[in-house]
Amino acid sequence: MKKVLLTLLILILIIAAFVFYTFSSTGYFREVNNTESYSVIAEIPMKGAEDFTISYEDGFMIISQDDRAGRRDGSATQGNLYYLDLDSGDLKPKKLTADYKLPFYPHGISLLKLDSSHYQVLVVNHARGQTIEKFELFGDSLVYMATYRDESMISPNDVIALDEESFYFTNDHGYTSYWGKLAEDYLGLGVSNVVFYDGKYKEVAGGIKYANGINISKDRDQLLVASPRSFTLKYYNIEDTGDLSFDRNLDVGTGIDNIELDEEGNLWIGSHPNLLAFAAYAGGKKEVAPSEVIKITNSDQVESLYENDGSFVSASSVAALYKDLLFVGTVMDDRLIVLKKK
């Protein structure tokens with residue numbers, strides 16, 4: 001009888017430890033305060049503006065939009081890319097993919113300037129299996145170029161071009177089964193990765209807990225990978241072959257999502273301070289999820305600039321500063337938010 005009770009006690013302690021670890025490592029105990037130091041300049045109607053990227057040189061933004069809540073609830077609609085002129089003053093986006101007829105559920109995006117007149121745009125697409133679509137942007141007109149498809153695209157989340165012929169992308173999960181993904185999310189298993197393409201596909205970084213947003217440092221020497229499940233930003237050195245060597249982890253204290261760089265090379269990141277609340281929100285079990293925008297300087301200083309409990313901005317996934325305007329995109333909200341410091 002004593003052995004049975006001892007075994008039961010040990011089992012209870014193990015379960016309690018697991019529950020505490022899950023809650024503490026996902027930000028459940030984090031208090032999120034509503035930042036009052038910003039004024040709302042605009043609310044741009046757009047369902048699921050999950051990612052965007054800015055050309056500071058030419059003053060425009062490309063937005064990746066997908067109605068994820070609609071897809072979750074059985075009313076899927078075609079996603080789109082939008083062009084937003086940031087210097088025009090009207091903040092009215094233009095749909096770039098109005099004539100794109102292939103099924104399109106866009107996710108992470110990359111923008112690479114090719115010459116004075118046009119850019120390359122790469123975007124993760126979840127509508128035709130798992131693919132990465134390649135476009136070229138001429139002014140505010142988009143032309144489809146190619147589709148990349150490979151078995152290494154297990155669960156692609158974000159993509160970044162190294163140059164015109166090569167790119168990196170993250171897989172946010174290493175497993176495809178329901179139970180495997182569940183174990184990754186709640187046990188914090190580090191089995192997601194980064195894949196490099198230069199004509200061939202190869203894994204160049206692994207052992208990551210939910211590899212999410214990805215970008216390249218201003219000097220083009222390092223790859224930056226968001227690991228929201230571990231509340232860290234991971235830095236890798238880029239080798240001449242495209243291979244990566246691990247440099248360091250930076251503890252950021254929140255579930256970071258997409259990574260944007262400003263003109264000085266500082267990082268602006270939309271984040272999920274409470275991952276359990278975000279999971280419930282994404283699954284349709286909660287109406288809101290808290291949001292946070294952080295800035296990371298070149299000296300690795302982490303600053304929380306904006307917080308909201310979800311009542312105004314739910315599940316912020318991307319953020320960037322353009323001049324004096326702070327843009328915040330979300331996973332499933334019905335608008336893209338534009339703020340200005342009071």
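Before reading further, recall that the structure is shown in the block above.
Note that the structure is predicted; figures quoted are calculated from it, not measured. (Residues numbered from 1 in each chain as written. Predicted model: local features only at pLDDT ≥ 70, side-chain atom pairs only at ≥ 80, totals over all residues. Heavy atoms only, no water.)

Caption draft 1: Focus on the overall build of the protein chain. When helices and strands are counted, the protein chain shows four helices and 24 strands. Computed over C-alpha atoms, the radius of gyration of the protein chain comes to 20 Å, within 12% of the 20 Å expected from 2.2 N^0.38 for 342 residues, which places it in the range of a compact globule. Viewed in the frame of its principal axes, the protein chain has a C-alpha envelope of about 80 × 50 × 45 Å. Looking at the protein chain residue by residue over its 342 residues, the buried ones come to 54%. (Helix = DSSP H or I, 4+ residues; strand = E, 2+ residues; numbered from the N terminus. Rg over C-alpha atoms; globule rule 2.2 N^0.38 Å. Buried < 20%, exposed > 50% of the residue type's maximum accessible area, 1.4 Å probe, protein only.)

Caption draft 2: Structural detail: the layout of surface pockets. Within this model, the largest pocket holds a volume of roughly 1400 Å³. Every element with two or more residues in the lining of the largest pocket is listed here: α2 (68-72), β10 (156-163), α3 (178-187) and α4 (275-282). For the lining of the largest pocket, the element with the most residues is α4, which contributes six residues. Each pocket or cavity is described by its volume, and for the second largest pocket that value is around 630 Å³. In terms of lining, the second largest pocket is formed by 27 residues, of which the most central are Ile54, Leu111, Asn215, Arg220 and Leu261. (1 Å grid on protein atoms, 1.4 Å probe; cavity = no way out; pocket = protein on both sides within 12 Å on 5 of 7 lines; lining within 4 Å. Points joined across faces, edges and corners; volume = space filled by probe spheres on them.)

Caption draft 3: Broad picture of the environment of Leu321. Mapped onto the elements of the fold, Leu321 is located in strand β22 (residues 316-322). Apart from residues lying up to four places away in sequence, Leu321 is in contact with Tyr56, Trp268 and Leu326. (Contact = heavy atoms within 4.5 Å.)

Caption draft 4: View of the environment of Ala315. Looking at where Ala315 falls in the secondary structure, it is placed in the loop between β21 (302-308) and β22. Under the relative-accessibility criterion, Ala315 is labelled buried at 0%. A C-alpha to C-alpha distance of 28 Å links Ala315 and Ser88, two positions 227 residues apart in sequence. Excluding anything up to four places from it in sequence, Ala315 contacts His272, Phe278, Tyr281, Ala289, Pro290, Ser291, Gly329, Thr330 and Val331.

Caption draft 5: Representation of the pattern of salt bridges in the model. With the rule as written, the count across this model stands at 15 salt bridges. The partner of Glu292 in a salt bridge is Arg30, and the shortest N-O contact between them spans 2.9 Å. Within this pair, whereas Glu292 is found in strand β20 (residues 291-296), its partner Arg30 is found in the loop between α1 (2-25) and β1 (38-45), the two being separated by 262 residues in sequence. Arg30 serves as the salt-bridge partner of Glu307, at 3.3 Å between the closest nitrogen and oxygen. Of this pair, Glu307 sits in strand β21 while Arg30 sits in the loop between α1 and β1; the two residues are 277 residues apart in sequence, bridging distant segments of the chain. Overall, the relative accessible area of 13% leaves Glu307 in the buried class. Here the salt bridges do not stand alone but share partners, grouping Arg30, Glu292 and Glu307 into one network. (Salt bridge = Lys/Arg side-chain N within 4 Å of Asp/Glu carboxyl O.)

Caption draft 6: Inspection of empty space enclosed by the protein at higher detail. The full count for this structure, using the stated rule, is one cavity of 30 Å³ or more. Taken as a whole, the largest cavity spans an internal volume of roughly 30 Å³. The wall of the largest cavity is formed by Asp172, His173, Glu184, Asp185, Leu189, Lys209, Tyr210 and Arg229. Its residues placed into classes, the lining of the largest cavity shows two nonpolar, one polar and five charged. (Nonpolar A, V, L, I, M, F, W, Y, C, P; charged D, E, K, R; others polar.)

Caption draft 7: Broad picture of a negative patch on the surface. A grouping of Asp115, Asp163, Glu164, Glu165 and Asp198 is seen on the molecular surface, where their side chains present a negatively charged patch. Tracing the chain through its elements places Glu165 in the loop between β10 and β11 (166-171). When its relative accessible area of 57% is taken as the criterion, Glu165 is described as exposed. (Patch = residues over 30% accessible without salt bridge, like charges linked within 9 Å, V, L, I, M, F, W, Y side chains within 5 Å. Areas by Shrake-Rupley, 256 points an atom, 1.4 Å probe, with all protein chains shown as cover. Lys, Arg positive; Asp, Glu negative; His and termini not counted. Charge placed at Lys NZ, Arg CZ, Asp CG, Glu CD.)

Caption draft 8: Here's a closer look at unusual backbone geometry. A positive phi angle is found at Leu91, which is not glycine, with a value near 50 degrees. Structurally, Leu91 is set in the loop between β4 (80-85) and β5 (94-95).

Caption draft 9: Fine view of the packing of aromatic side chains. Enumeration over the complete set of coordinates arrives at 18 aromatic pairs. When the ring of Tyr100 is compared with that of Phe104, the centres are 5.1 Å apart and the planes differ by 75 degrees; the resulting orientation is edge-to-face. The ring of Tyr105 has Arg71 lying over it, and the distance from NZ or CZ to the ring centre is 4.3 Å. (Phe/Tyr/Trp six-rings, centres within 6.5 Å; stacked < 30°, edge-to-face > 60°. Lys NZ or Arg CZ within 6 Å of the ring centre and 35° of its normal.)

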